[in-house]
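One letter stands for each residue in the lines below.
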Amino acid sequence: MSQDGVRGSKPELKLGSHLVPGLAAVALFVVMAVTFLQASFPLEEAAGFPEGASITASIGYAMFNISGGPVPAEGFLVAFLVIAIALDIAIDGAIFLAKSGEEGVLGKAFTDGGSDRAGKGGND
């Protein structure tokens, strides 16, 4: 406090338990940064797919259990199916929310209930 008893406009740091999540995030960032900076990425040992190999064709062959894909795609197939199911659930949820909004379940939260503010009467 200043001499006249009025607090100044200078911001004060409030210490307490509300700082713990932020400190944990900073600590996690430091650990991840140190780990990343100490890791070695040898480019000579990098493995890739054969030249001209089609991952999409390999996934298609794996889906229908047909041999002949240049890349073993069983791991890709699992990821492909999980993503397909997640997208299907998202689309179903969006359709459900859109339909319930039309019927008034969610529509009441976004409207004023049909009040006539303009004084014209009726629904516009």
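The sections below set out a description of the structure shown in this document. (Residues numbered from 1 in each chain as written. Predicted model: local features only at pLDDT ≥ 70, side-chain atom pairs only at ≥ 80, totals over all residues. Heavy atoms only, no water.)

## Comments concerning helix H2 (residues 55-63)
Item 1. Between the side-chain oxygen at the start of H2 and the backbone nitrogen of Ala57 there is a gap of 3.2 Å, and the oxygen is on Ser54.
Item 2. Downstream of H2 by a residue or two, Asn65 has a phi angle that is positive, lying close to 55 degrees. (Polar contact = N/O pair within 3.5 Å; in protein donor to acceptor, adjacent residues only side chain to side chain. Helix = DSSP H or I, 4+ residues; strand = E, 2+ residues; numbered from the N terminus.)

## Section: a nonpolar patch on the surface
Item 1. A cluster of nonpolar residues, Tyr61, Met63, Phe64, Ile66, Phe80 and Leu81, forms a patch on the protein surface that exposes about 600 Å² of accessible area.
Item 2. Taken together, the elements giving at least two residues each to the nonpolar patch come down to H2 and helix H3 (74-103).
Item 3. Within the element layout of this structure, Phe64 appears in the loop between H2 and H3.
Item 4. Look at Phe64 and you get exposed, because its relative accessible area is 63%. (Patch = residues over 30% accessible without salt bridge, like charges linked within 9 Å, V, L, I, M, F, W, Y side chains within 5 Å. Areas by Shrake-Rupley, 256 points an atom, 1.4 Å probe, with all protein chains shown as cover. Salt bridge = Lys/Arg side-chain N within 4 Å of Asp/Glu carboxyl O. Buried < 20%, exposed > 50% of the residue type's maximum accessible area, 1.4 Å probe, protein only.)

The values are spatial; any link to function lies outside them.
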